[in-house]
Amino acid sequence: MSFDFDLILDSIPKMLMGIGLTFQLLFLSLLLGTALAIILLIMRISGRWYLSWPTMVYIYIFRGTPILVQIFIIYYGFPQLEFIREGIFWPILKEPFGCAIVALTLNTGAYVSEIFRGGVIGVDRGLKEAGAALGLSATHRFIYITAPIAIRLCLPAYSNDVISLQKSTALASTITLLDMTGIARTIVAETYAPYEVFISLMCIYLILTWVIQRSFGWLEKRMSRHIREEV
Amino acid sequence: MSDSGQTNIILMENVDKFFGEFQALKNISLSVKKGERIVVCGPSGSGKSTLIRCINRLEEHSSGKIVVNGHELTSAVKDIDAVRKEVGMVFQSFNLFPHLTVINNLMLAPKLARKASKAEAYDIAMKFLERVKIPEQANKYPSQLSGGQQQRVAIARALCMNPLVMLFDEPTSALDPEMISEVLDVMTDLAQEGMTMIVVTHEMGFARSVADNMIFMDNGEIVEMNSPKEFFDNPKSDRTKLFLSQILTH
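The numbering scheme is per chain: residues are counted from 1 as the chain's sequence reads. To read the labels, note that chains go from A and ligands from 1, taken in the order they are written. Side-chain atom pairs in this predicted model are given and counted only at pLDDT of 80 or more, local residue features only at pLDDT of at least 70, and totals for whole chains, interfaces and linings cover all residues. With hydrogens and water excluded, all non-hydrogen atoms of the structure serve as input to the side-chain values.

Asker: Any chance you could explain the interface of chain B and chain A here in plain terms?
Answerer: Interface extent is often summarised as the accessible area lost during association of the parts. Every residue pair with non-hydrogen atoms within 4.5 Å of one another is taken to be in contact. Between chain B and chain A, the contact holds 26 residues from the first and 23 residues from the second. Throughout, buried area stands for the accessible area (probe radius 1.4 Å) lost by two parts on being put together, summed over both. Together, the buried faces of chain B and chain A total about 2,100 Å²; carbon and sulfur atoms form 64% of this surface. Taken as a group, H99, L112 and Q144 of chain B account for 26% of the area that chain B buries against chain A, more than any other trio of residues on that side. Two N or O atoms form a polar contact when they lie within 3.5 Å of each other; inside protein one atom must be a possible hydrogen donor and the other a possible acceptor, and for residues adjacent in sequence the pair counts only when both atoms belong to side chains. If you look at where chain B meets chain A, you find 3 residue pairs in polar contact (both at pLDDT 80 or more). Runs of H or I in DSSP of at least four residues are treated as helices and runs of E of at least two as strands, each being numbered from the N terminus. Broken down by secondary-structure element, the contributors of at least two residues to the side of chain B that touches chain A are α2 (77–86), β6 (87–90), α3 (102–113) and α5 (147–159) of chain B. Element by element, the count of residues in the side of chain B that touches chain A is highest for α3 of chain B, at 4 residues. When residues are sorted by character, Ala, Val, Leu, Ile, Met, Phe, Trp, Tyr, Cys and Pro go into the nonpolar class, Asp, Glu, Lys and Arg into the charged class, and all the rest, Gly among them, into the polar class. Residue composition of the side of chain B that touches chain A, grouped by class: 15 nonpolar, 5 polar and 6 charged.

What follows is the structure, given as structure tokens:
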């Protein structure tokens, strides 16, 4: 088998035309998913069963099923339902882009809220008690003591999830979206050269992963200043 | 309500505390007057920490009554807040906020709970850092300080809220021996200025020189309460005698 380097040089710029869409899928669902995760977290640790139980069920469902199936249900299944076609979210759900964002957001929100919960649990109980003894309200304790410490604790796991989400955006190509993977599949369908095209696609994803890793590495270092510095 | 309720800063009446089946406090009654210094000692697991942690509601007592400066502790958030603003606490493990510099550790509560401006909070914080003799460490992080310095910061942090009472939960137990005296010195100064204090400690030299009253606890009960002189020279209970012989002979 011969490797067609011209085809690689030719297809990389074409695939990069989809990088904008890949970024949109990544950043929008990351932003919305993180916001959702915070809401889920607060419900989960509220200590009220009618808030925490639904959250646990939600997390179980979205972590326990393949994201591809979730995308299919939202994209193929929802339009069959009358109340969804007439609901306020129909303008979003009738577009494949909207469906992809909704699926990625709901999925990553479930994972990230569990990551955040791990961070919150990891905060030394004595620090929360010190805050309480100083007369800080529960809200103040959460915002000024628990959250900053928890964020640093869960940063490594969170960066893992961002990388995972970045890869999941490729699944949007299964519902007609022309992100980088979608374009690659189109090129392969035209050229019958899966190796060249998909391997160059892998290289692009690897570069993005490297950038994400380095960014989080920098952030972790910055947020750990108080631990690294010694007398 | 008894008349003594007026002069007592802390009043505990028939307080019980259960952790599941285990009874940590048994029928504790205790009153603490303004300016009084009480040292609590006893074997580990005897309920000393639980006793003082009930006073600022870090533990919820199971039954009985606790009144701090006229506020009875109930499950109402308002009462708990009112009490916590009057009561400062120092922990065995310092519990400084690791992500904040020393000065920010001190400024946090005045800013949030007392609504002090940044400048006011800074002035309060520097005043107390000077009092515990480490103003030069203001901009360091807790991890950059020695244990003794961290505990002094923790004392200053509690004082910034201008408490009526200070609770100390084994404040020197986590310290290297050479750092114990710097912390005890600060506590002695505080006692001499008239601060009302309840100190859980096994530093018997400190207890002898500072305490107005000694409490010995065992199995969740107050076994003996007396002046230091009587307590050390003429302990009444056999349990107290045994405990004192164990900690004083080493």
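Asker: Looking at this structure, how should I read the environment of L51 of chain A?
Answerer: Residues and elements named next belong to chain A. With respect to the helices, strands and loops of the structure, L51 is situated in helix α3 (residues 49–64). Each residue is placed in one exposure class: buried if its accessible area under a 1.4 Å probe, protein chains only, is under 20% of its type's maximum, exposed if it is over 50%, and partly exposed if it falls in between. For L51, a relative accessible area of 25% gives the class partly exposed. Measuring from C-alpha to C-alpha, the distance between L51 and L40 comes to 8.9 Å, with 11 residues separating the pair along the chain. Those residues in contact with L51 that lie beyond four places of it in its chain are M43 and S46.

Asker: So what exactly am I meant to see when it comes to the confidence of the model for chain B here?
Answerer: Predicted coordinates in regions of low pLDDT should not be interpreted in detail. All names here are of chain B. pLDDT is a residue-level measure of predictor confidence that goes from 0 to 100. Counting all residues, the mean pLDDT for chain B is 93, and 97% of those residues have values of 70 or more. Taken as a whole, residues 1–6 scores under 50 in pLDDT and shows 0 contacts with residues more than four places along the chain or in a different chain. For this predicted complex, the interface confidence score (ipTM) comes to 0.91, while the overall pTM stands at 0.86.

Asker: Any chance you could explain the pairing of strand β1 (residues 8–19) of chain B here in plain terms?
Answerer: Side chains on a regular strand alternate between the two faces of the sheet. Residue and element names in this part refer to chain B. Summarising the sheet, β1 and strand β2 (residues 22–33) pair through 8 bridges and their orientation is antiparallel. The partner of M12 across the bridge, within β2, is L30. Hairpin connection from β1 to β2: 2 residues lie between these consecutive antiparallel strands, with G20 at a positive phi of about 65 degrees. With 5 bridges connecting them, β1 and strand β4 (residues 63–68) associate as antiparallel partners. Within β4, the residue paired with I10 across the bridge is V68. Paired strands are those between which DSSP finds at least two bridges.

Asker: Please explain the sheet that holds strand β10 (residues 221–226) of chain B as it appears in this structure.
Answerer: In sheet architecture, strand pairing relies on hydrogen bonds along the backbone and comes in two forms, parallel and antiparallel. Residue and element names in this part refer to chain B. One open sheet holds the 6 strands; their spatial order is β6-β7-β8-β3-β9-β10, and the pairing between them is mixed. Two strands bound the open sheet, and with one partner strand each, they are β6 and β10. Going from strand to strand, the sheet's axes swing by 20 degrees on average, the running direction of each strand aside. Of the pairings in the sheet, the one linking strand β9 (residues 213–218) to β10 comprises 5 bridges and is antiparallel in character. Axis definition: a line fitted to C-alpha atoms, over the contacting stretch in the case of helices. Angles run 0 to 180 degrees between N-to-C directions.

Asker: Just to check I follow, could you spell out the state of the cysteines for this structure?
Answerer: Residues and elements named next belong to chain B. Note that a disulfide, as used here, is simply two cysteine sulfur atoms within 2.5 Å. Following the criterion strictly, the structure yields 0 disulfides over all chains and no others. Here C41 is not disulfide-linked; the sulfur of C54 is the nearest cysteine sulfur, at 19 Å. On the basis of relative accessible area, C41 is assigned to the buried category, the value being 0%. Taking the relative accessible area as the measure of exposure, C54 reaches 0% and is therefore buried.

Asker: Even after reading the chapter, I still don't get the sheet that holds β1 of chain B, so can you show me in this structure?
Answerer: Residues and elements named next belong to chain B. Taken in spatial order, the 4 strands line up as β2-β1-β4-β5 in an open sheet, and their pairing is antiparallel. Only two strands of the sheet have a single neighbouring strand rather than two, namely β2 and β5 (71–72). Across the sheet, helix α1 (residues 48–55) touches β1, β2 and β4, and the angle it forms with β2 is around 60 degrees.

Asker: Is there a simple way to think about the packing of aromatic side chains in this case?
Answerer: Note on aromatic pairs: each is described by the distance of the centres and the angle between the planes. Classification of ring pairs rests on two measures: the distance between centres of Phe, Tyr or Trp rings, Trp counted by its six-membered ring, which must be within 6.5 Å, and the angle between planes, read as stacked under 30 degrees, edge-to-face over 60 and tilted in between. In the structure shown here, the tally under the stated rule is 10 aromatic pairs over all chains. Taking 5.8 Å as the distance between ring centres and 75 degrees as the angle between the ring planes, the aromatic pair formed by Y158 of chain A and F216 of chain A counts as edge-to-face. Of the two residues, Y158 of chain A sits in helix α9 (residues 138–168) while F216 of chain A sits in helix α11 (residues 194–223), which places them 58 residues apart along the sequence. Y158 of chain A gets classed as buried once you look at its relative accessible area, which sits at 13%. Joined through ring pairs, the aromatic side chains of W49, Y50 and W53 of chain A make up one cluster. Two conditions define a charge located above a ring, namely a distance within 6 Å from the ring centre to NZ of Lys or CZ of Arg, and an angle within 35 degrees of the ring normal. The residue whose ring lies beneath K17 of chain B is F19 of chain B, and the NZ or CZ to ring-centre distance is 4.7 Å. Positioned above the aromatic ring of F97 of chain B is the side chain of R157 of chain B, whose terminal nitrogen or guanidinium carbon lies 4.5 Å from the ring centre.

Asker: Sorry, what's going on with the nonpolar core here?
Answerer: One broad rule of soluble globular proteins: the nonpolar side chains tend to lie buried together. Residue and element names in this part refer to chain B. Here, the term nonpolar core denotes a set of buried Ala, Val, Leu, Ile, Met, Phe, Trp, Tyr and Cys residues that are joined through side-chain atoms within 4.5 Å. Of all hydrophobic cores here, the largest spans 77 residues; its most connected members are I10 and M12. Setting aside chain neighbours within four positions, we find M12 in contact with I28, S29, L30, L51, I55, K65 and I66. By size, the runner-up hydrophobic cluster in this structure holds 51 residues, among which are M107, M126, M179 and I180.

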